[in-house]
Amino acid sequence: MNAPLNPIVLARLDKADPSRNPARLREIPYNYTSFSDREIVMRVLGQEGWELVSELRGERKTGRSARMLYEVLGDIWAVSRNPYLQDDLLDNPKRRRQLIQALHHRLGEIDRRRDQEASEASSDANAVLGISRDQKVARLLTLARQAVTRFDASFDETGKLRRQVRRILGRITAADNIKFDGLSRVSHVTDATDWRVEYPFVVLTPDTEQEMAALVKGCIEAGLTIIPRGGGTGYTGGAVPLTARSAVINTEKLETLGPVEVGPLPGVDGQVATIFSGAGVVTRRVSDAADAAGLVFAVDPTSADASCIGGNIAMNAGGKKAVLWGTAIDNLAWWRMVDPQGDWLEVTRIGHGLGKIHDAEFAECELAW
């Protein structure tokens, strides 16, 4: 799953080749994000647009046309990074038309000034230079108008896809579990890293584990990238959406927790203490259950009071006890999951070593459909 123009990758390229990124100017208005002008221009206008902007920056005279272009980019960027503004414009077609008209008006003013400068340059000794600059501005305007057109069309596309997602997923889970609102999207745009790459298209909060397989199939049918998420306490970016067409499936409602039971495990001599946990159970609850039974739960991350068991397993969490008893995967007896095709998959470990997993032991896991 790849995000277009991932800012982290761009930053690494800049460090490797400083010539890629001249002075980090921030001239685009309304930009309260961590994205630089370069990253915004490349996202909105593409690589060619950034190259043209970079060339024209050193040639500008009054800078008035540049400011108007940056205002256009700033408006597009501010809306695209603010789900509340997006919802407002989706609900108010008239207001959206006024914004699009204002963007085209600014571009028209730039075009008018370009014609005026081209006319003056044609009678100048530097006519060749003037024509070259005129062609660059004309091409930049073409890219900007295309960007405004895409921006305008994105609202109709978003509305259409929202209706499609509601129709598909509404047969699987309650309507209230399908969330497009700004608060849900903002609260699921990042994990503890605060990397805000893309806002999720929709946030799903299923009530039961049984809904999972159908939800995954429904998201695939709608063309959405799927991101499972628990408490969102990770520092690896594992729950961060990297594409705008993504569905975050929040598992925090899946909080079934059984008692500590002592019984046999496949291929293991003697009796073993186990506990059944849903993906959304907070880690502390399992630790408390183990403690009440006179036992110790090996998985002990610093986020135990907020992280969920599903996230512990997904990220193979450990903590200070991992040195003795291993990480989350080391302590799994079996687990049930949904594969990328939307089918249930159950994995049972045979011959559990009751400690850190070795490759030879893990090879003996049994897959059951």
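**Student:** Let's hear about the overall build of the chain: which residues, and what values?
**Tutor:** What the chain contains, in helices and strands, is 12 helices and 9 strands. By residue count, 44% of the 369 residues in the chain fall in the buried class. Accessible surface, the chain: about 19,500 Å² in total, of which carbon and sulfur atoms supply 54%.

**Student:** Any chance you could break down helix α2 (residues 37-57) for me, citing the residues and the numbers?
**Tutor:** Helix length check: α2 (21 residues) gives 12 Å between terminal C-alpha atoms against 30 Å at 1.5 Å per residue, more than 12% under. In α2, a bend of some 125 degrees at Leu45 exceeds every other bend along the element.

**Student:** Summarise the packing of α2 against helix α3 (residues 64-80); cite the residues concerned and give the values.
**Tutor:** Running from amino to carboxyl end, α2 crosses α3 at an angle of 165 degrees, the nearest separation of the two axes being 12 Å. Of the possible angle classes, the one that applies to α2 and α3 is roughly antiparallel. Between α2 and α3 lies a crossing of left-handed hand. Packed against α2, whose contacting residues are Ile40, Val41, Arg43, Val44, Leu45, Val53 and Arg57, the element α3 presents Leu69, Tyr70, Leu73, Ile76 and Trp77 at the interface. Residue composition of the contact of α2 with α3, grouped by class: 10 nonpolar, no polar and 2 charged.

**Student:** Describe the pairing of strand β8 (residues 344-348), with residues and values.
**Tutor:** As paired elements, strand β7 (residues 334-338) and β8 share 5 bridges and run antiparallel to each other. In the sheet register, Val338 faces β8, and the bridge partner there is Trp344. In this antiparallel pair of consecutive strands, β7 and β8, the connection spans 5 residues, and Gly342 shows a positive phi of 85 degrees.

**Student:** Please set out the pattern of salt bridges residue by residue, giving values where relevant.
**Tutor:** Summed over the entire model, instances satisfying the criterion amount to 21 salt bridges. When the shortest N-O distance is used, the salt bridge between Glu27 and Arg57 registers 3.3 Å. With a gap of 30 residues between them, Glu27 in the loop between α1 (7-16) and α2 and Arg57 in helix α2 connect regions that are remote in the sequence. We classify Glu27 as partly exposed; its relative accessible area is 28%.

**Student:** Any details on the side chain of Arg229? Residues and values, ideally.
**Tutor:** With respect to the secondary-structure elements, Arg229 resides in strand β3 (residues 225-229). Within the buried set, Arg229 has no salt-bridge partner at all; the shortest N-O distance to an opposite charge, 5.9 Å, is to Glu252. Within the local environment of Arg229, its side chain forms a polar contact with the backbone oxygen of Thr190, the two atoms lying 2.9 Å apart. Among all residues touching Arg229, those that are not within four sequence positions of it are Ser187, His188, Thr190, Asp191, Ala239, Val248, Ile249, Asn250 and Thr251.

What counts as what
Residues numbered from 1 in each chain as written. Predicted model: local features only at pLDDT ≥ 70, side-chain atom pairs only at ≥ 80, totals over all residues. Heavy atoms only, no water. Helix = DSSP H or I, 4+ residues; strand = E, 2+ residues; numbered from the N terminus. Buried < 20%, exposed > 50% of the residue type's maximum accessible area, 1.4 Å probe, protein only. Areas by Shrake-Rupley, 256 points an atom, 1.4 Å probe, with all protein chains shown as cover. Expected span 1.5 Å × (residues − 1). Bend = angle between axes of the 7 residues up to and from the residue. Axes fitted to C-alpha atoms, helices over the stretch in contact; angles between N-to-C directions. Parallel < 35°, antiparallel > 145°, perpendicular 65-115°, else oblique. Left-handed = near helix turned anticlockwise from the far one by under 90°. Contact = heavy atoms within 4.5 Å. Nonpolar A, V, L, I, M, F, W, Y, C, P; charged D, E, K, R; others polar. Pairing = 2+ DSSP bridges. Salt bridge = Lys/Arg side-chain N within 4 Å of Asp/Glu carboxyl O. Lys, Arg positive; Asp, Glu negative; His and termini not counted. Polar contact = N/O pair within 3.5 Å; in protein donor to acceptor, adjacent residues only side chain to side chain.

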